[in-house]
Amino acid sequence: MSWKLAGSLIVFVAILFITACQSDENLEFKRYYSSGALVYQQHCQNCHGTNGEGLSALIPLLSDSTFLRKNVSSLPCYVKNGLKGQITIKGKTFEDAMPANDLSPLEIAQVLTYIGNSFGNKLSTIDEQSVQKNLVGCR
Amino acid sequence: MRNILIIGFAAILLWGACKSGSDKKALPIYGNRKPVTKMVDGKQVTDTIYQTIPPFKFVNQYGDSISNKTLNGNIYVVDFFFTTCPSICPIMHRNMLKVYETFKNTGDFKIISHTIDPKHDSVPVLKKYADKLGITGNTWWFLQGKKEDIYTIAEKNYLVAVKQDSSAAGGYIHAGYFVLIDKQKRIRGSYDGTDPKQVDQLIADIKTLQAEPDQMIVQ
């Protein structure tokens with residue numbers, strides 16, 4: 001057997017293994033994440049930056065995993081209705097208003113999954129059902 | 001018709017701004033120009049008069065008056081924004097911060113950002129904005145003034161389109177150009193402030209301009 005053939009066989013088996021390991025959950029995450037990246041570009045990136053870095057003390061960065069985790073049920077409301085008042089992100093206070101965004105629950109779920117798993121954050125998938133549930137409780 | 005002219009001119013400026021990168025020696029001079037012939041030592045000499053930024057007077061974030069004279073001897077970059085702008089301003093000022101950080105310790109350089117919403121953006125509002133952005137000292141000024149003056153100088157002199165429009169996000173339409181002005185108050189470049197690559201070009205062009213030998217300063 002030539003090396004080339006052996007090589008491609010190994011690659012093929014490896015691909016089989018990887019795809020076999022991908023559960024439905026993982027696939028759903030990937031779908032949400034990649035769509036979320038587009039929503040982020042269109043609706044969030046101007047202010048929060050390509051790498052979620054924010055802008056000095058004007059616009060908060062998005063890499064405060066503790067804040068995201070603690071407020072996970074409120075995040076859909078923040079995206080949908082905007083945010084007013086003071087918040088503390090990584091020890092810094094922000095007080096400027098964030099505008100509302102006209103996004104569907106699915107888009108909100110996608111963008112939150114993207115943010116929650118980018119910029120060093122590691123949250124699980126935030127799906128459409130949970131967003132819909134949490135939107136009901138928006139103040 | 002006037003709008004088309006402005007857009008066309010902005011396009012030429014922009015095209016020129018991109019092109020100028022290839023020629024490191026000298027930046028082009030934009031705007032109208034006219035030749036004048038005069039007698040010097042009994043000889044006929046033809047000189048060129050370039051379009052320059054006319055006198056203006058605004059107030060900065062510290063409440064100080066800033067006029068064309070305050071900027072004498074400085075290369076400066078101009079933009080138009082408003083503090084509650086939800087669209088392109090954050091990205092413009094994220095990019096402008098890079099320009100600020102590069103040149104904040106150079107004596108002959110300024111950045112002036114005019115608010116196009118002077119009703120909301122009072123001097124204290126601009127000061128707060130500058131503080132939050134992390135701007136100190138006198139390199140980057142946020143200017144406030146009469147709305148007509150701001151809009152006129154934007155469109156007629158810096159060739160940047162601005163317009164109040166309640167249907168636009170935040171209530172204003174405006175172009176995110178950074179306009180580069182030399183010590184003789186002539187336009188030497190116009191850059192898309194939302195594009196990091198063009199802002200890098202602006203930084204390179206400012207260095208080119210700083211290396212340019214000083215000519216007669218227009219007062």
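Residues numbered from 1 in each chain as written. Chains lettered and ligands numbered in written order. Predicted model: local features only at pLDDT ≥ 70, side-chain atom pairs only at ≥ 80, totals over all residues.

**Re the overall build of chain A**
The criterion, for reference: Helical segments are the DSSP runs of H or I of at least four residues, strand segments are the runs of E of at least two, and each set is numbered from the N terminus. Atoms counted for the radius of gyration: C-alpha only. Globule rule: 2.2 Å times the number of residues to the power 0.38. Note that contacts rest on C-beta atoms placed from the backbone: two residues are in contact if these are within 7 Å.
Of the regular secondary structure elements, chain A holds seven helices and two strands. On C-alpha atoms alone, chain A measures out to a radius of gyration of 19 Å, which is more than a quarter above the 14 Å that the 2.2 N^0.38 rule sets for 139 residues. If one aligns the C-alpha atoms of chain A with their principal axes, the spans along those axes are about 70 × 35 × 25 Å. A sequence separation of at least 24 residues applies to 62% of the contacts in chain A between residues at least 6 apart.

**Some words on the confidence of the model for chain A**
For the record, the criterion: Confidence of the predictor in every single residue is expressed as pLDDT, which spans 0 to 100.
Mean pLDDT over chain A works out to 92, with 94% of the residues at or above the 70 mark. Summarising per-element confidence for chain A, the mean pLDDT is lowest in helix α1 (residues 3–21) of chain A (74) and highest in helix α6 (residues 105–116) of chain A (98).

**Points about the pairing of strand β5 (residues 75–81) of chain B**
Residues and elements named next belong to chain B. Here is the rule we go by: Our exposure labels follow a C-beta count within 10 Å of each residue's own C-beta, placed from the backbone: buried means 20 or more other C-beta atoms, exposed means 12 or fewer, and partly exposed covers the counts in between. Strand pairing requires that DSSP identify at least two bridges connecting the strands.
Most of β5 is tucked away, with seven of its seven residues classed as buried. Neither face of β5 is exposed, since Ile75, Val77, Asp79 and Phe81 on one face and Tyr76, Val78 and Phe80 on the opposite face are all buried. Pairing of β5 with strand β6 (residues 109–115) involves seven bridges; the strand directions are parallel. Counted as the bridge partner of Ile75 is Phe109 from β6. Summarising the sheet, β5 and strand β10 (residues 177–181) pair through three bridges and their orientation is antiparallel. In the sheet register, Val78 faces β10, and the bridge partner there is Val179.

**Details of the sheet that holds β10(B)**
All names here are of chain B. Defined as follows: To get an axis, a line is fitted to the C-alpha atoms, and for a helix only the part in contact is used. The angle between two axes follows their N-to-C directions and goes from 0 to 180 degrees.
Taken in spatial order, the five strands make up an open sheet running β7-β6-β5-β10-β11, and their pairing is mixed. Across the chains shown, the open sheet's two edge strands, defined by having one partner strand only, are β7 (140–143) and β11 (187–192). Averaged over all pairs of adjacent strands, the angle between their axes in this sheet comes to 20°, without regard to strand direction. Direction of pairing for β10 relative to β11: antiparallel, over a ladder of five bridges. In the strand pairing of β11, Val179 is matched with Ser190. On the sheet, helix α2 (residues 89–103) packs against β5, β6, β7 and β10 and is oriented at approximately 165° with respect to β5.

**So, unusual backbone geometry**
Residue and element names in this part refer to chain A. In this structure, Phe119 is a non-glycine residue whose phi angle is positive, near 55°. If you trace the backbone, Phe119 turns up in the loop between α6 and α7 (128–136). Look at Phe119 and you get partly exposed, because 19 C-beta atoms sit within 10 Å.

**Quick word on the packing of α2(B) against helix α5 (residues 196–211) of chain B**
All names here are of chain B. Applied cut-off: Under this scheme an angle from 65 to 115 degrees is roughly perpendicular, one under 35 degrees roughly parallel, and one over 145 degrees roughly antiparallel; angles in between are oblique. When the near helix sits turned anticlockwise from the far one by under a right angle, the crossing is termed left-handed; a clockwise turn instead gives a right-handed crossing.
Contact pair α2 / α5: the axes reach a minimum separation of 10 Å and the direction vectors enclose 25°. In terms of orientation, α2 lies roughly parallel with respect to α5. The element α2 and its partner α5 pack so that their crossing is right-handed. Of the residues in α5, those in contact with Asn95, Lys98, Val99, Thr102 and Phe103 of α2 are Pro196, Val199, Leu202, Ile203 and Ile206.

**Describing the packing of α6(A) against α7(A)**
Residues and elements named next belong to chain A. Heads up, the rule is: Ten residue types, Ala, Val, Leu, Ile, Met, Phe, Trp, Tyr, Cys and Pro, are classed as nonpolar, four, Asp, Glu, Lys and Arg, as charged, and the remainder, Gly among them, as polar.
Between α6 and α7, whose axes approach to 8 Å, the crossing angle comes to 110°. Considering the angle they form, α6 stands roughly perpendicular to α7. The hand of the α6/α7 crossing is right-handed. From α6, Pro105, Leu106, Ile108 and Ala109 reach across to α7, where they touch Glu128, Val131, Gln132 and Leu135. By residue class, the composition of the contact of α6 with α7 is six nonpolar, one polar and one charged.

**A look at the nonpolar core**
Here is the rule: Joining buried Ala, Val, Leu, Ile, Met, Phe, Trp, Tyr and Cys residues through C-beta atoms within 7 Å gives a set, and that set is a nonpolar core.
With 53 residues, the main nonpolar core has B:Tyr76, B:Val77, B:Val160, B:Phe178, B:Val179, B:Ile181 and B:Leu202 as its most contacted residues. When near neighbours in sequence (up to four residues on either side) are disregarded, B:Val77 contacts B:Val99, B:Ile111, B:Phe178, B:Val179, B:Leu180 and B:Leu202. One finds A:Tyr40, A:Leu75, A:Leu112 and A:Ile115 within the second-largest nonpolar core, a separate group that totals 15 residues.

**Considering helix α3 (residues 123–133) of chain B**
Residues and elements named next belong to chain B. What counts here: Each C-beta atom gives one direction from the helix axis, and the arc is the one those directions make.
Those residues of α3 not exposed but buried are Leu126, Tyr129 and Leu133. Down the axis of α3, the buried set is contained in an arc of 60°. They therefore lie on one face. Contact partners of the buried residues in α3: α2, β6 and β7. Phi for Gly134, located one or two positions after α3, is positive at around 90°.

**Here we look at the pairing of β11(B)**
Counting buried positions along β11(B) yields six of six residues, so the element is predominantly enclosed. Connecting β10(B) to the antiparallel partner β11(B) that follows it, the hairpin turn spans five residues, and B:Lys185 within it adopts a positive phi of roughly 65°.

**Observations regarding the environment of A:Gln110**
Residues and elements named next belong to chain A. Looking at the element boundaries, Gln110 is found in helix α6. Note on Gln110: 27 C-beta atoms within 10 Å, which makes it buried. When the C-alpha atoms of Gln110 and Val39 are compared, they prove to be 7.6 Å apart, with 71 residues separating the residues in sequence. Setting aside its immediate chain neighbours within four residues, Gln110 contacts Tyr32, Ser35, Gly36 and Val39.

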